[in-house]
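Residue strings, one per chain:
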Amino acid sequence: MANEHRVYLDHLIPRESLRLQRPEAQVTDPKMMHLSLQDLRDPVRSKFLRKPDFQRETWAWTPEDCVSLLESLTNRQVIPSIIMWASADNGYEYILDGGHRVSVILAWMRDDWGDNLPKDQYRDDEHESMVKDAAREVRRLVNQRVGSIKDYEAAET
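Residues numbered from 1 in each chain as written. Predicted model: local features only at pLDDT ≥ 70, side-chain atom pairs only at ≥ 80, totals over all residues. Heavy atoms only, no water.

Caption draft 1: Structural view of the sheet that holds strand 2 (residues 49-52). The mixed open sheet is built from four strands, whose spatial order is 1-2-4-3. Lying at the two open borders of the sheet, with one neighbouring strand each, are strand 1 (15-16) and strand 3 (83-86). Examined bridge by bridge, strand 3 and strand 4 (residues 93-97) share four bridges and lie antiparallel to one another. When the bridges of strand 4 are listed, M84 appears paired with I95. (Pairing = 2+ DSSP bridges. Helix = DSSP H or I, 4+ residues; strand = E, 2+ residues; numbered from the N terminus.)

In structure tokens form, the structure reads like this:
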């Protein structure tokens, strides 16, 4: 098997303990228990998305896996369910299952495949090199087979 790059997406959805409690004044009622592309575009809604701190790092998918999901999305095919839980204690909406899927969509929407992180966000030079190599590959495949989100937004108008 050729060099199997893994796309680093862990930075797109912050981690948070399920037990975190925020002061009442800071808690926001969840809007609804479904997540749409519009929700991911909405900076207010998306800032309340969290991954539970016990979940694995979001770094398991190859560039091909990422593009395959985006092709399914843009071709309006079935995407597996995303399991979420809204905490009444802190107002966060936790993605319990589907963190990779949501992260890939966020990466596509933001054109953020992990290669523009500040230097101190990489573990070491080898980690930075691996992340940037995978980002170049996924971006190449996205441009070749899916296109940018801006193309789809322009087509809507």
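Right, picking up where we left off after that structure.
Caption draft 2: Representation of the pattern of salt bridges in the model. According to the stated counting rule, one finds 15 salt bridges in the structure shown. Close ionic contact of R50 with E16 constitutes a salt bridge, the shortest N to O distance being 3.6 Å. Here R50 is found in strand 2, whereas its partner E16 is found in strand 1, with 34 residues between them in sequence. D133 is paired through a salt bridge with R136; the nearest N and O atoms lie 2.4 Å apart. Remark: R136 and D133 occur in helix 5 (residues 125-145); sequence separation between them is three residues, near one turn of the helix. By relative accessible area, which is 28% here, D133 ends up partly exposed. (Salt bridge = Lys/Arg side-chain N within 4 Å of Asp/Glu carboxyl O. Buried < 20%, exposed > 50% of the residue type's maximum accessible area, 1.4 Å probe, protein only.)

Caption draft 3: Spotlight on the environment of V67. When you line up the elements, V67 lands in helix 3 (residues 63-74). Considering only alpha carbons, one finds V67 and W108, 41 residues apart in sequence, at a separation of 9.5 Å. When neighbours within four sequence positions are excluded, V67 is seen to be in contact with V138, L141, V142, R145 and V146. (Contact = heavy atoms within 4.5 Å.)

Caption draft 4: Expanded view of the packing of aromatic side chains. Applying the stated criterion across every chain, the model contains five aromatic pairs. A centroid spacing of 6.3 Å and a plane angle of 45° characterise the contact between F48 and Y92, whose relative ring orientation is tilted. Of this pair, F48 sits in the loop between helix 2 (43-46) and strand 2 while Y92 sits in the loop between strand 3 and strand 4, and the two are 44 residues apart along the sequence. Summarising the burial analysis for this pair, F48 and Y92 share the class buried. Through a chain of ring-to-ring contacts, the aromatic side chains of F48, W85, Y92 and Y94 assemble into a single cluster. Of note, R50 hangs over the ring of Y92, and the distance from its end group to the ring centre comes to 4.0 Å. (Phe/Tyr/Trp six-rings, centres within 6.5 Å; stacked < 30°, edge-to-face > 60°. Lys NZ or Arg CZ within 6 Å of the ring centre and 35° of its normal.)

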